[in-house]
Amino acid sequence: MKLLVLDLDGTLWDHEDASQLVPPFEVHDDTVIDAYGNELSLFPGVREFLNWAKDKFILSIASWNMEELVRPILEALGLWDYFIFPKIENHPDKASMILRTIEQLRGIGYEVDGIVYIDDRTLHIEDIKKEIPNVKFIQMWVDVKSFEELKKVLEGL
C-alpha cells in the first residue's frame, strides 16, 4: 500500500505555525480558536479528502511543530485518528520522520510500496529525496490548487 505523508502548516490548514497557538482551544466547525483569539482553519475539502484517502493510502504526518501543542488541535478537529505513526517534531528533518514511519509500519506488517509527500513548501524535499529517492512530491497550492485536484492527481498514480 502507498504511504501518503502530509505536512500540516500551510498544507492542511491556513496557519503557518500551529505551535504558536495557546490552549484551551474552542472549535467551530473547521476552525480552532486559541486562548488569545488566534484562529486556525482547515482548508476547504480537507475532511472530504481525508475520508477518501484513508481507504486508498496509509496516512501519516511529517510536521515541524511541537506535538504537545499540535496534537490537541488535530484531536479537537477530529482528525488525529486518520493518521498512523504521525510525526510532529520540533526539527526540520522530515526525511528522518518519514523513514521512521516506514520502519514502524514494516514492524506491524505493512508493506509500503510507494511514498507520496505533500507539502506547501519545497524546503525539505531535497533532503527527503537524498534519503528516499523514490518519493513522489506534490507541492500543495502549486502543483495542485485544491484538495479535489489533489485527489484527481493521486487517483492517477
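Values in this document were obtained by computation on a predicted structure and should not be read as measured data.

*Asks:* What should I look at first to understand the packing of aromatic side chains in this one?
*Replies:* Describing an aromatic ring pair means giving the distance of the ring centres and the angle of the ring planes. Going through the model one piece at a time under the given rule, you end up with six aromatic pairs. Their ring planes at 80° and their centres at 5.9 Å tell us that Trp 141 and Phe 147 sit as a pair that is edge-to-face. Members of the aromatic cluster, each reached through a chain of ring pairs, are Phe 43, Phe 49, Trp 52, Phe 57, Trp 141 and Phe 147.

*Asks:* What is the right way to read the pattern of salt bridges from this model?
*Replies:* By the definition in use, this model includes ten salt bridges. Lys 94 serves as the salt-bridge partner of Asp 7, at 2.8 Å between the closest nitrogen and oxygen. In this pair, Asp 7 sits in the loop between strand S1 (3–6) and strand S2 (26–28) while Lys 94 sits in helix H3 (residues 94–107), placing the two residues 87 residues apart along the sequence. Asp 7 sits in the buried class, given a relative accessible area of 6%. You can call Lys 94 buried: its relative accessible area is 3%. One salt bridge connects Lys 94 with Asp 119, and the closest N-O pair in it is separated by 3.3 Å. Here Lys 94 is found in helix H3, whereas its partner Asp 119 is found in strand S7 (residues 115–119), with 25 residues between them in sequence. Both residues of the pair, Lys 94 and Asp 119, count as buried.

*Asks:* Help me understand helix H5 (residues 147–155), please; the structure alone is not making it clear to me.
*Replies:* Think of an α-helix as 3.6 residues a turn; residues three or four steps apart then line up on the same face. When we look at burial in H5, the residues that qualify are Phe 147, Leu 150 and Leu 154. Angular distribution of buried residues about the axis of H5 spans 50°; they occupy a single face of the element. Of the surrounding elements, those touching the buried residues of H5 are S1, helix H1 (46–53), S7 and strand S8 (136–139). You can read the cap of H5 off the contacts: a side-chain oxygen lies 3.4 Å from the backbone nitrogen of Glu 148, and it is on Ser 146.

The rules behind the values
- Residues numbered from 1 in each chain as written.
- Predicted model: local features only at pLDDT ≥ 70, side-chain atom pairs only at ≥ 80, totals over all residues.
- Heavy atoms only, no water.
- Phe/Tyr/Trp six-rings, centres within 6.5 Å; stacked < 30°, edge-to-face > 60°.
- Salt bridge = Lys/Arg side-chain N within 4 Å of Asp/Glu carboxyl O.
- Helix = DSSP H or I, 4+ residues; strand = E, 2+ residues; numbered from the N terminus.
- Buried < 20%, exposed > 50% of the residue type's maximum accessible area, 1.4 Å probe, protein only.
- Arc of directions from axis to C-beta.
- Contact = heavy atoms within 4.5 Å.
- Polar contact = N/O pair within 3.5 Å; in protein donor to acceptor, adjacent residues only side chain to side chain.

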